[in-house]
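# Working through the structure, step by step
The primary structure of each chain is shown beneath.
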Amino acid sequence: MNEIKYPSVRTYYICFDDERTEVKSYGYVDPNQVFDTIWIFDEFTDEEQWLEELAKYGIIPDVDTDGNYIV
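Just so it is clear, the structure is predicted and the values come from calculations on it, not from any experiment. (Residues numbered from 1 in each chain as written. Predicted model: local features only at pLDDT ≥ 70, side-chain atom pairs only at ≥ 80, totals over all residues. Heavy atoms only, no water.)

## With respect to the overall build of the protein
A count of helices and strands for the protein gives 1 helix and 7 strands. Mapped from its N terminus to its C terminus, the protein presents α and β elements in the order β-β-β-β-β-α-β-β. Taken over the C-alpha trace, the protein has a radius of gyration of 12 Å; the compact-globule value for 71 residues is 11 Å, and the two agree within 12%. Its C-alpha atoms put the protein at 35 × 30 × 15 Å along the principal axes. Burial statistics for the protein: of 71 residues in total, 34% are counted as buried. (Helix = DSSP H or I, 4+ residues; strand = E, 2+ residues; numbered from the N terminus. Rg over C-alpha atoms; globule rule 2.2 N^0.38 Å. Buried < 20%, exposed > 50% of the residue type's maximum accessible area, 1.4 Å probe, protein only.)

## Regarding the side chain of Glu-53
As for its position among the elements, Glu-53 is in helix α1 (residues 47–56). Of the polar contacts made by the side chain of Glu-53, one reaches the side chain of Lys-56; its length is 3.1 Å. Aside from chain neighbours lying at most four places away, what touches Glu-53 is Ile-14 and Phe-44. (Polar contact = N/O pair within 3.5 Å; in protein donor to acceptor, adjacent residues only side chain to side chain. Contact = heavy atoms within 4.5 Å.)

## Brief notes about a negative patch on the surface
Together, Asp-46, Glu-47, Glu-48 and Glu-52 make up a region of like negative charge exposed at the surface. With respect to the element layout, Glu-52 can be found in helix α1. Its relative accessible area of 53% is what places Glu-52 among the exposed residues. (Patch = residues over 30% accessible without salt bridge, like charges linked within 9 Å, V, L, I, M, F, W, Y side chains within 5 Å. Areas by Shrake-Rupley, 256 points an atom, 1.4 Å probe, with all protein chains shown as cover. Salt bridge = Lys/Arg side-chain N within 4 Å of Asp/Glu carboxyl O. Lys, Arg positive; Asp, Glu negative; His and termini not counted. Charge placed at Lys NZ, Arg CZ, Asp CG, Glu CD.)

Written as structure tokens, this is what we have:
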């Protein structure tokens, strides 16, 4: 298992298939959370960098009425 465990700051991730050709999942982990996955992933502490990387795959996360990402 690959994981992000209680990061010191909100940490964004993008999960990929083994060939890194398909995004399998994306989201974020807050300091009080743990995330684990079978997929390989990139992690970011910079929200803009995360959004730019998602955009390369044609992904723009939806935002709710409070401005939170729907992931």
